[in-house]
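Structural characterization, general
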Amino acid sequence: MSMEQKIAIELLSKHLFWDTPVEGIDIEKNKGFIVQRVLEYGLMDDWNLISAWFGLSEIGALATQFRSLDPKALAFLVNITGLPINNFRCYTTKQLMNSPWNY
């Protein structure tokens, strides 16, 4: 990992990568992982950082492939990117899975 990438990863909140060594995270190879963690557990400052790094269109493209995503994060992405909710894999696969409990 280059020095610039190490500095960039360290700018993100420490709690995002509680289960992963930060030294093993590559910004280019692990874009999806970083974006998903920020969407689900990050702060607004973390969002501002990744939107500056990757851009809104790339974040939207990555997020459409996530198998799972917090419903609030999904609603945020739909509103901010303008993509239809049906484009998101996490939304379409969620509809196919039946809940074991019917409340």
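Here the structure is shown first, and the text comes after it.
Since this is a predicted model, take the numbers as computed values, not measurements.

Cut-offs and rules
Residues numbered from 1 in each chain as written. Predicted model: local features only at pLDDT ≥ 70, side-chain atom pairs only at ≥ 80, totals over all residues. Heavy atoms only, no water. Phe/Tyr/Trp six-rings, centres within 6.5 Å; stacked < 30°, edge-to-face > 60°. Helix = DSSP H or I, 4+ residues; strand = E, 2+ residues; numbered from the N terminus. Buried < 20%, exposed > 50% of the residue type's maximum accessible area, 1.4 Å probe, protein only. Lys NZ or Arg CZ within 6 Å of the ring centre and 35° of its normal. Axes fitted to C-alpha atoms, helices over the stretch in contact; angles between N-to-C directions. Parallel < 35°, antiparallel > 145°, perpendicular 65-115°, else oblique. Contact = heavy atoms within 4.5 Å. Nonpolar A, V, L, I, M, F, W, Y, C, P; charged D, E, K, R; others polar. Arc of directions from axis to C-beta.

**Quick word on the packing of aromatic side chains**
A full pass over the atoms with the stated rule returns four aromatic pairs. With centroids separated by 5.8 Å and ring planes inclined at 40°, the aromatic side chains of phenylalanine 17 and phenylalanine 33 adopt a geometry described as tilted. In this pair, phenylalanine 17 sits in the loop between α1 (3-11) and α2 (31-41) while phenylalanine 33 sits in helix α2, placing the two residues 16 residues apart along the sequence. Residue classification places phenylalanine 33 among the partly exposed positions, given a relative accessible area of 29%. Their ring planes at 80° and their centres at 6.1 Å tell us that tryptophan 53 and phenylalanine 54 sit as a pair that is edge-to-face. A residue is classified by how much of its surface remains accessible, and phenylalanine 54, at 8% relative accessible area, is buried. Stacked on the ring of tryptophan 18, the Lys or Arg arginine 37 has its end atom at 4.3 Å from the ring centre.

**Observations regarding the packing of helix α3 (residues 44-54) against helix α4 (residues 56-63)**
As a packed pair, α3 and α4 sit with axes 7 Å apart at the nearest point and diverge in direction by 100°. It follows from the interaxial angle that α3 and α4 lie roughly perpendicular. Every residue of α4 that contacts α3 at Trp47, Ile50, Ser51 and Phe54 is listed here: Leu56, Glu58 and Ile59. When its residues are assigned to classes, the contact of α3 with α4 shows five nonpolar, one polar and one charged.

**Let's talk about helix α5 (residues 71-81)**
Considered for burial, the residues of α5 that qualify are Ala73, Leu74, Leu77 and Val78. End-on view of α5: buried residues confined to an arc of 135°, all on one side of the axis. Facing away from the buried surface of α5 by more than 90 degrees, the exposed residues are Pro71, Lys72 and Asn79. Within two residues after α5, glycine 82 carries a phi angle of roughly 80°, on the positive side.

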